[in-house]
Amino acid sequence: MPSRKFADGEVVMGRWPGSVLYYEVQVASYDDVAHLYTVKYKDGTELALKESDIRTLSSFKHRKSQSSSSSPSRRSSSRSRSRSPGRPAKGRRRSSSQSREHKEDKKKTVQETNLVPLVLHFLFKPSENNTRSYNGEPESTERNDTSFIALEQKFKPDLDIERVLEHYSLRPRKEEKKREEIYSEKKIFETMKTEKAPPKTKDLEFGGRIGTFMLIFFLPATVFYLLLLCKQDDPSIMNFPPPLPALESLWETRVFGVFLLWFALQALFYLLPIGKVVEGLPLSSGKKLHYRINGFYAFILTAAAIGALLCFQFDLHYLYDHFMQFAVSAAAFSMGLSIFLYIRSLKAPEEELAPSGNSGYLVYDFFIGHELNPRIGSFDLKYFCELRPGLIGWVVINLAMLLAEMKIHNLSMPSLSMILVNSFQLLYVVDALWNEEAVLTTMDITHDGFGFMLAFGDLVWVPFVYSLQAFYLVGHPITISWPVAAAITILNCIGYYIFRSANSQKNNFRRNPADPKLAYLKFIPTATGKGLLVTGWWGFVRHPNYLGDIIMALAWSLPCGFNHILPYFYVIYFICLLVHREARDEHNCKQKYGLAWEKYCQRVPYRIFPYIY
């Protein structure tokens, strides 16, 4: 085993991932297994770096003396400010033109001291991606670089941070010209840039190896238990265990064939060359994947297909009669898919592995997902399963339950309770498909791998647990008055408005923070180059989208009455899930944003529920 070169507590120069810039850091610890150093930057951000990305302070002594020995007259010269030891003449001419542009734009741009390195990184980073600012990777920094000391002296107006939050913009100027210049400089540093493999996952979730092993069995058992309970005359959770059916009755080849046909149909709709193609957020390697946005078209085509089947007297009551068998088929398929995904991930390049599912433990990585974006050609398996088979299947199941209620109870029209449940959940699904592009910025796509957790969640949990209210109402009808229905509808609209407006606000800001429509938003700049919103919904609580989710979940359950707690399982589960996600987000954001996150928490003290939590 190779010996470590740098000791704990030693102050060194660490390369910022994805760039050629080095910053002063302190070694915090060393991982003997992964051979990675955990270093801490001056703003509190911690990153794992390879030994090849770390240099001693003495190796930067010449550069530092060159910057610090510049006279005031030299600092006033744009040519001297832009000069660095390895920059060619073309780079110096480009820096001079940029300096003149800064002077011309001085009245419009307000800068604050701790944002200076961010501006410098944006201007001088030799990468073709440097025209992006707060909308994603590669990320800028707030750290003090020794090669930019002279420049920092130029841009240090003592202004209030609130003016920065209101007016600060990094809108690129003369973009095409810069790209040509940057491309020529990129070749100079090409040999210095290496792709950084994701470090081993250290912080294990869900109880680590033991917890994830138990969840692999507990999650399917929970789904089957809930469905069996719904079929009972007295669906009390105290009636445990419910009467168990014969094992042979849980499987039917024909049902499994119908499920495969449904999955194949959705895959066919996904492959249709309709809808726009967009780029996802940058990966750790800087690469951007392309996604076709046609989920809403797939929903329309599915609705047309279901309508055609009903016209030809196809009875959707078959889905209700074999509901448990469909759940077993979906669970078996998700398990087989998860095994396939893990086996293929063993041959995936290291830079394509998921940061959350790269622990080295088979069971844990199998559950979380070892590969971040498994693809067969251009077919993205995770992205496809996220919104298509399960989410659209949820609507089809609800429709089948509505028709089953009418048939079993001899109704000429569905009950008001069933109409509310179907309408609320249909709105939720249509909204997700209409705003399909927003899913590309979620943790499921950008952070979590595709393993058993997401495969089972997308294909089993979503369609068969989220439809629990409709399934419950078939066997246990509830009559509600129109005033009660109106009150529940208002509650759902409030939750939906919070959910949608908060998500739209966040997604629009991530995509284009310089959008004039977002000029009213204030944010705290971070060392990663992204901003933390402190106004709007995200200045109200830290996770307003979770608040809207919980309010909507309650509105979905209220039409089922209060005779049993079973219809409210989804609300309880959703609160527990979101609290877990919120805790994970807090941990990740604290590591990623450092002191900026602490400032944000002081500014926005409530997490999900205002004045409560």
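An unreviewed UniProt entry lists the protein under the name Delta(14)-sterol reductase LBR, with Indicator maculatus as the source organism. The Pathway (unreviewed entry) comment attached to the protein in UniProt states, word for word, "Steroid biosynthesis; cholesterol biosynthesis." What UniProt states about the protein under its Sequence similarities (unreviewed entry) heading is, verbatim, "Belongs to the ERG4/ERG24 family."

(A) Fine view of unusual backbone geometry. Even without being glycine, Phe206 reaches a positive phi, approximately 55 degrees. You can see Phe206 is positioned in the loop between α8 (175-186) and α9 (208-230). Although it is not a glycine, Asn410 sits at a positive phi angle of roughly 55 degrees. Of note, Asn410 is situated in the loop between α16 (389-408) and α17 (416-434).

(B) Focus on the sheet that holds strand β4 (residues 46-49). With antiparallel pairing, five strands are arranged side by side in an open sheet as β4-β3-β2-β1-β5. Looking along the sheet, the strands with just one partner apiece sit at the ends: β4 and β5 (54-55). Bridge count between strand β1 (residues 11-15) and strand β2 (residues 22-31): five bridges; the pairing is antiparallel. Of the residues in β2, the one forming a bridge with Met13 is Glu24.

(C) Spatial organisation of helix α23 (residues 569-593). Compared with the 36 Å implied by 1.5 Å per residue over 25 residues, the 35 Å span of α23 between its first and last C-alpha is a close match. Among the residues making up α23, those that are buried are Tyr570, Val571, Tyr573, Phe574, Leu577, Leu578, Glu582, Arg584, Asp585, Glu586, Cys589 and Tyr593. Residues of α23 that are buried sit in contact with α18 (443-446), α19 (452-465), α20 (468-475), β11 (531-533), α22 (544-557) and α24 (595-603). Once α23 ends, the next one or two residues include Gly594, with phi positive near 60 degrees.

(D) Structural context of the packing of α23 against α24. Look at α23 against α24: their axes get within 6 Å of each other, and the N-to-C directions meet at 130 degrees. Judged by the inter-axis angle, α23 sits oblique to α24. Across the interface between the two elements, Glu586, Cys589, Lys590 and Tyr593 from α23 touch Leu595, Ala596, Trp597, Glu598 and Cys601 from α24. Here the residues of the contact of α23 with α24 sort into six nonpolar, no polar and three charged.

(E) Quick look at the nonpolar core. Core analysis: the largest hydrophobic core is formed by 115 residues, its most contacted members being Met401, Phe464, Tyr466 and Phe574. Split by domain, this core shows at least three residues from each of two domains, domain 2 (205-479) and domain 3 (480-612). Among the nonpolar cores identified, the runner-up in size contains 17 residues, and Ala502, Phe509, Phe523 and Cys601 belong to it.

(F) A look at the pattern of salt bridges. Taken as a whole and assessed by the stated rule, the structure comprises eight salt bridges. The residue Glu279 makes a salt bridge to Lys288 at a minimum N-O spacing of 3.6 Å. Overall, the relative accessible area of 37% leaves Glu279 in the partly exposed class. Residues Asp431 and Arg500 are paired through a salt bridge, measuring 2.7 Å at the closest nitrogen-oxygen approach. One end of the pair, Asp431, is in helix α17; the other, Arg500, is in helix α21 (residues 482-511), with 69 residues separating them in the sequence. The residues Asp431 and Arg500 share a single accessibility class, namely buried.

(G) Focus on the UniProt feature "transmembrane region" (unreviewed entry) in the protein. In the numbering used here, UniProt assigns the feature "transmembrane region" (unreviewed entry) to residues 210-228, 255-275, 296-316, 322-343, 454-474, 480-499, 520-541 and 561-580. Taken as a whole, residues 561-580 contains 60% helix and 0% strand, while its terminal C-alpha atoms sit 28 Å from one another.

(H) Representation of the packing of aromatic side chains. Evaluation of the coordinates by the stated rule reveals 39 aromatic pairs. With 5.8 Å between their ring centres and 65 degrees between their planes, Tyr320 and Phe471 make a pair best called edge-to-face. Highlighted residues: Tyr320 in helix α12 (residues 317-321) and Phe471 in helix α20, separated in sequence by 151 residues. Assessed through its relative accessible area of 10%, Tyr320 is described here as buried. Ring centres of Tyr497 and Trp537 lie 6.1 Å apart, and the angle between their planes is 70 degrees; on these two criteria the pair is classed as edge-to-face. Note that Tyr497 is positioned in helix α21 and Trp537 in the loop between β11 and α22, a separation of 40 residues in sequence. Here the aromatic cluster, defined as three or more aromatic residues joined through ring pairs, consists of Trp394, Tyr428, Trp461, Tyr466, Phe499, Trp556, Phe569, Tyr570 and Tyr573. Over the ring of Tyr361 we find Arg209; its NZ or CZ atom is 4.0 Å from the centre of that ring. The ring of Tyr291 carries the charged tip of Arg375 above its face, separated from the ring centre by 4.9 Å.

Here is what the cut-offs are and how they apply
- Residues numbered from 1 in each chain as written.
- Predicted model: local features only at pLDDT ≥ 70, side-chain atom pairs only at ≥ 80, totals over all residues.
- Heavy atoms only, no water.
- UniProt positions renumbered as here; feature names shortened; annotations may be inferred.
- Helix = DSSP H or I, 4+ residues; strand = E, 2+ residues; numbered from the N terminus.
- Pairing = 2+ DSSP bridges.
- Expected span 1.5 Å × (residues − 1).
- Buried < 20%, exposed > 50% of the residue type's maximum accessible area, 1.4 Å probe, protein only.
- Contact = heavy atoms within 4.5 Å.
- Axes fitted to C-alpha atoms, helices over the stretch in contact; angles between N-to-C directions.
- Parallel < 35°, antiparallel > 145°, perpendicular 65-115°, else oblique.
- Nonpolar A, V, L, I, M, F, W, Y, C, P; charged D, E, K, R; others polar.
- Core = buried A, V, L, I, M, F, W, Y, C linked by side-chain atoms within 4.5 Å.
- Domains from an automatic or database assignment.
- Salt bridge = Lys/Arg side-chain N within 4 Å of Asp/Glu carboxyl O.
- Phe/Tyr/Trp six-rings, centres within 6.5 Å; stacked < 30°, edge-to-face > 60°.
- Lys NZ or Arg CZ within 6 Å of the ring centre and 35° of its normal.

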